[in-house]
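Descriptive structure summary
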Amino acid sequence: MEMKAIFKTARCVALELDDGSIYESEHEKKIFVNGRFYGTAKNVIFSVYELEPDTDYVIGAEGESYKAEIKLHTSNEFLTLNVKDFGARGDGIQDDTSFIQAAILSCPKESRVLIPEGTYKITSLFLKSGLRLELSKGAVLSAETDRSRFPILRGMIQSNDGKDEYNLGTWEGNPDDCFSSIITGIGVENVEIYGQGVLDGNAGSDNWWYRPKEKRGAYRPRMIFLNRCQNVAVQGIQVQNSPSWNIHPYFSDHLKFIDLKVLNPKDSPNTDGLDPESCQDVEIAGVYFSVGDDCIAVKSGKIYMGSKYKTPSKDIVIRQCCMRDGHGSITIGSEMAGGVCNLIVKDCKFLYTDRGLRIKTRRGRGKDGVIDGILFERIRMNHVMTPFVINSFYYCDPDGHTEYVASKEALLVDDRTPSIKTLIFSDIQAENCHVAAAYLYGLPERKIECVEMKNVQISYAEHAMSGEPAMLDGVQCVSRMGIFAGNVKTLILDHVTIEGQEGEKIITEHIEDLIES
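Residues numbered from 1 in each chain as written. Predicted model: local features only at pLDDT ≥ 70, side-chain atom pairs only at ≥ 80, totals over all residues. Heavy atoms only, no water.

Digging into the overall build of the protein
Helix and strand content of the protein: 3 helices and 44 strands. Radius of gyration (C-alpha) of the protein: 23 Å, near the 24 Å computed for a compact globule of 517 residues. Once the C-alpha set of the protein is aligned to its principal axes, its extents read approximately 70 × 65 × 40 Å. Within the protein, buried positions represent 59% of all 517 residues. Considering only intrachain contacts with a sequence separation of at least 6, the fraction spanning at least 24 residues in the protein is 74%. (Helix = DSSP H or I, 4+ residues; strand = E, 2+ residues; numbered from the N terminus. Rg over C-alpha atoms; globule rule 2.2 N^0.38 Å. Buried < 20%, exposed > 50% of the residue type's maximum accessible area, 1.4 Å probe, protein only. Contact = heavy atoms within 4.5 Å.)

What about the sheet that holds strand β25 (residues 247-250)?
Spatial strand order, β12-β19-β22-β25: 4 strands in an open sheet with parallel pairing. Pairing within the sheet leaves two strands with one partner each, and these edge strands are β12 (125-126) and β25. Here 2 bridges tie β12 to strand β19 (residues 183-186), and the two strands are oriented parallel to one another. Bridged to F126 within β19 is T184. (Pairing = 2+ DSSP bridges.)

As for the pattern of salt bridges
Scanning the model with the defined rule gives 33 salt bridges in all. Residue R149 is joined to D95 by a salt bridge in which the shortest nitrogen-to-oxygen separation is 2.3 Å. Note that R149 is positioned in the loop between β14 (139-143) and β15 (152-153) and D95 in strand β9 (residues 91-95), a separation of 54 residues in sequence. Assessed through its relative accessible area of 37%, R149 is described here as partly exposed. A salt bridge links E172 to K213, with the nearest nitrogen and oxygen atoms 2.8 Å apart. Note that E172 is positioned in the loop between β17 (165-166) and β18 (178-179) and K213 in the loop between β21 (198-200) and β22 (224-227), a separation of 41 residues in sequence. (Salt bridge = Lys/Arg side-chain N within 4 Å of Asp/Glu carboxyl O.)

A word on the confidence of the model for the protein
Any segment with low pLDDT has predicted coordinates that should not be analysed in fine detail. For the protein, per-residue confidence averages 94 on the pLDDT scale, and residues scoring 70 or more make up 96% of the total. Contacts from residues 503-517, a stretch scored under 50 in pLDDT, to residues over four places away or in other chains number 40 contacts. (pLDDT = per-residue confidence, 0-100.)

Structural notes on the state of the cysteines
Applying the stated rule across the entire model yields 0 disulfides. Residue C341 stays outside any disulfide, its sulfur separated by 13 Å from that of C279, the closest cysteine. (Disulfide = S-S within 2.5 Å.)

Some words on the pairing of strand β33 (residues 328-333)
The side chains of a regular strand alternate between the sheet's two faces. The buried count for β33 comes to 6 of 6 residues, which makes it a mostly enclosed element. Where strand β30 (residues 296-298) and β33 come together, 3 bridges link them in parallel fashion. By the bridge assignment, A297 is partnered in β33 with T331.

Let's talk about the pairing of strand β3 (residues 24-33)
Summarising the sheet, β3 and strand β4 (residues 36-43) pair through 6 bridges and their orientation is antiparallel. Of the residues in β4, the one forming a bridge with F32 is F37. Between β3 and the antiparallel strand that follows it, β4, lie 2 residues; N34 among them carries a positive phi value of about 50°. For β3 and strand β6 (residues 56-62), the ladder comprises 4 bridges, and the chain directions are antiparallel. Its bridge partner being in β6, V33 is matched across the sheet by I59.

Details of the sheet that holds strand β1 (residues 3-8)
One open sheet accounts for 3 strands, arranged β1-β2-β5; its pairing is antiparallel. Either end of the sheet is taken by a strand with one partner, and the two such strands are β1 and β5 (45-48). Across the sheet, the axes of successive neighbouring strands diverge by a mean angle of 30°, strand direction being ignored. Bridging between β1 and strand β2 (residues 13-17) involves 5 bridges; their strand directions are antiparallel. Bridge pairing in β2 links A5 to L15. (Axes fitted to C-alpha atoms, helices over the stretch in contact; angles between N-to-C directions.)

A few points about the packing of aromatic side chains
Across all of its chains, the model carries 14 aromatic pairs by this definition. Taking 5.9 Å as the distance between ring centres and 35° as the angle between the ring planes, the aromatic pair formed by F225 and Y250 counts as tilted. Note that F225 is positioned in strand β22 and Y250 in strand β25, a separation of 25 residues in sequence. Across the pair, exposure class does not vary: F225 and Y250 are buried alike. An aromatic cluster of at least three residues, connected via ring pairs, comprises F225, Y250, F251 and Y309. Positioned above the aromatic ring of F251 is the side chain of R228, whose terminal nitrogen or guanidinium carbon lies 4.5 Å from the ring centre. (Phe/Tyr/Trp six-rings, centres within 6.5 Å; stacked < 30°, edge-to-face > 60°. Lys NZ or Arg CZ within 6 Å of the ring centre and 35° of its normal.)

Structural data, given as structure tokens:
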């Protein structure tokens with residue numbers, strides 16, 4: 001049985017023990033560090049803390065019928081800057097922002113800024129390149145909620161010669177003014193944020209979630225915002241009560257999000273868990289999500305950003321994660337005008353979300369809005385209302401209810417027309433489905449090219465119900481159906497079973513070319 005290190009710094013390591021389980025093992029395993037008992041872990045991906053820099057370690061794991069071991073050497077660390085030495089109190093009363101920021105700006109390379117146990121009131125902290133920021137166990141970065149105290153990141157700033165532009169702020173796929181986030185990175189590289197602490201946005205219906213869609217001064221901040229950053233890793237911490245999206249990497253590459261917890265109330269508005277937007281080479285592993293909107297939403301901007309910068313989100317791997325509650329487990333779009341390709345989701349659990357995979361697109365996203373190379377493999381779902389949804393008529397934006405967006409007739413293919421190419425679903429088990437097994441609806445003028453389902457088992461809940469696709473005009477309420485496929489060129493079904501209630505049939509009336517194995 002193989003155990004490997006998937007993230008390592010001077011003070012901690014994240015490990016993956018591949019015992020064939022998805023997200024968590026049936027039984028806890030005992031963890032040993034240099035022969036001494038460290039603790040227990042149940043998740044496939046787990047972390048070991050309180051290590052010393054530049055030191056050899058042997059870390060072992062023991063289960064009921066196995067032993068695994070790995071040898072590793074921790075990274076070098078030049079020095080530690082404790083934020084309390086800079087004046088931070090961690091008493092939950094004093095505003096500690098400037099003291100922690102001073103420690104960050106003073107930190108040399110290969111060194112850490114340590115935030116020890118305590119509650120630190122802050123507004124926004126700005127990262128710098130080469131930083132290692134550790135939130136110790138018991139440390140809470142507790143955000144203020146008075147928007148007048150947050151800097152504003154302007155959406156677009158023109159260069160002095162009028163020939164270029166500088167994009168700082170963003171909101172739902174457009175360059176727009178937003179408040180700086182609780183942790184903000186602008187153009188930084190080689191950053192590690194890790195530890196056992198908590199990042200708390202303190203959002204509620206009396207502050208950030210009051211009239212949430214209104215732009216009041218600027219749009220709501222995120223918990224972590226990475227704008228045009230490189231080589232950033234976030235590991236271990238708990239992120240909660242975000243004003244809007246929790247973690248938002250934006251035009252950033254080579255990112256790792258490992259062994260996190262991302263938590264928001266089920267009814268909190270627009271509190272997506274992690275939204276990579278126009279990002280490349282992203283690993284999301286061992287993360288637990290329970291949020292009020294999509295757990296992970298992969299995006300690439302609306303038409304201005306997509307057509308101008310032509311930067312897709314691509315080469316993204318999501319594995320050994322658990323998505324609970326929220327609208328979608330994994331969503332693509334609807335801001336996808338730059339395209340999304342080479343997305344792999346494997347060895348994950350989806351629990352009590354509205355949808356498993358959800359693709360949201362529409363006319364007007366543009367010719368660069370291409371979705372291709374999407375693979376879902378070894379996924380286990382329970383009480384997901386509809387496991388697979390593709391909606392090519394998603395009626396967001398001011399023109400969302402126009403005839404151009406809503407028409408089910410074939411319109412002219414032009415520069416405004418997006419496309420969906422190949423999606424593969426393999427080894428999927430979905431229990432207690434509540435509405436439909438799959439609802440796939442492409443554009444009539446540019447049909448979904450290929451959807452392949454292999455070894456897919458879906459069963460219905462005892463009291464399954466009728467429903468209708470969200471954010472789609474002109475569709476009647478649908479009862480418990482199997483697979484609806486409208487405007488799909490090729491649907492390949494290989495060992496697909498749908499059981500229970502009225503879902504014992506597969507509805508295929510609108511498929512242009514059906515290949516059954």
